[in-house]
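Next come the chains, spelled out residue by residue.
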Amino acid sequence: MFRAFALALAALIAMPLAAAEIGDDGLHKAPWMRDTFKDLREDLDEANAEGKRLMLIIEQRGCIYCKKMHEEVFVVDKIADYIEANFFVVQINMFGDVEVTDFDGTALSEKDMVKRWGALFTPNIYFLPQEVPDTLTAAQAAVANMPGAFGKGTTYNMLNWVVEKGYEGSEPFQKYHARKLQEQEG
């Protein structure tokens, strides 16, 4: 009896924190994601009006790393709350057909825009500055790029580094992250 209870408890503990909702397009959906017309100039204006930073997240159906981020990282209250408070998040489907209008006015399907940006992995997160010249693409204008799945600490520190505009200073993200890890441990 005790052994059965212990096995059931171990199975429960091994489960992900929460199952992420999956949309009709097969992509994970989070409450802080925005459903927009994917005109990045309009999205940036709306983000700025809300006092938030524009964050583009490229994902694909069946991506095990996207699942990891949505079930292990983005569900952590501290991270989810920080994203909700500080970021205007637009999801891009790596193989999608929805039209995206880039900052330079080029309009392409999601899949063609992802190729244009040179994004090869999912998830791939672009963090945009508050002002983007109309001569640049999102990938060219991004102040930071997070290609792939990262742990809770790295993700949280990257979000903070972007909001704090660490990219404008002399401390690169890796040094910032190392310093923050030491502060968070001690």
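Anything mentioned here points back to the structure above.
These remarks concern the structure in this document. What you see is a predicted model, and the numbers here were worked out from it, not measured in a lab.

Rules behind the numbers
Residues numbered from 1 in each chain as written. Predicted model: local features only at pLDDT ≥ 70, side-chain atom pairs only at ≥ 80, totals over all residues. Heavy atoms only, no water. Helix = DSSP H or I, 4+ residues; strand = E, 2+ residues; numbered from the N terminus. Pairing = 2+ DSSP bridges. Contact = heavy atoms within 4.5 Å. Axes fitted to C-alpha atoms, helices over the stretch in contact; angles between N-to-C directions.

To continue, consider unusual backbone geometry. Of note, the bond from Thr-122 into Pro-123 is cis; its omega dihedral lies within 30 degrees of zero at -10°. Summarising the element assignment, Pro-123 is placed in the loop between helix H5 (110-117) and strand E8 (124-127). Of note in the backbone geometry, Lys-165 takes a positive phi value of approximately 60° without being a glycine. Structurally, Lys-165 is set in the loop between helix H7 (152-163) and helix H8 (173-185).

A sheet is described by the order of its strands in space; here five strands give the open sequence E3-E5-E4-E8-E9, paired in mixed fashion. Sheet topology places strand E3 (33-34) and strand E9 (144-147) at the edges, where each strand pairs with a single neighbour. Relative to strand E5 (residues 87-93), strand E4 (residues 53-59) is paired through seven bridges, and the arrangement is parallel. Residue Arg-53 lies in a different strand from E5, and its bridge partner there is Phe-87. Relative to the sheet, helix H4 (residues 77-86) contacts E4 and E5, its axis offset from that of E5 by approximately 100°.

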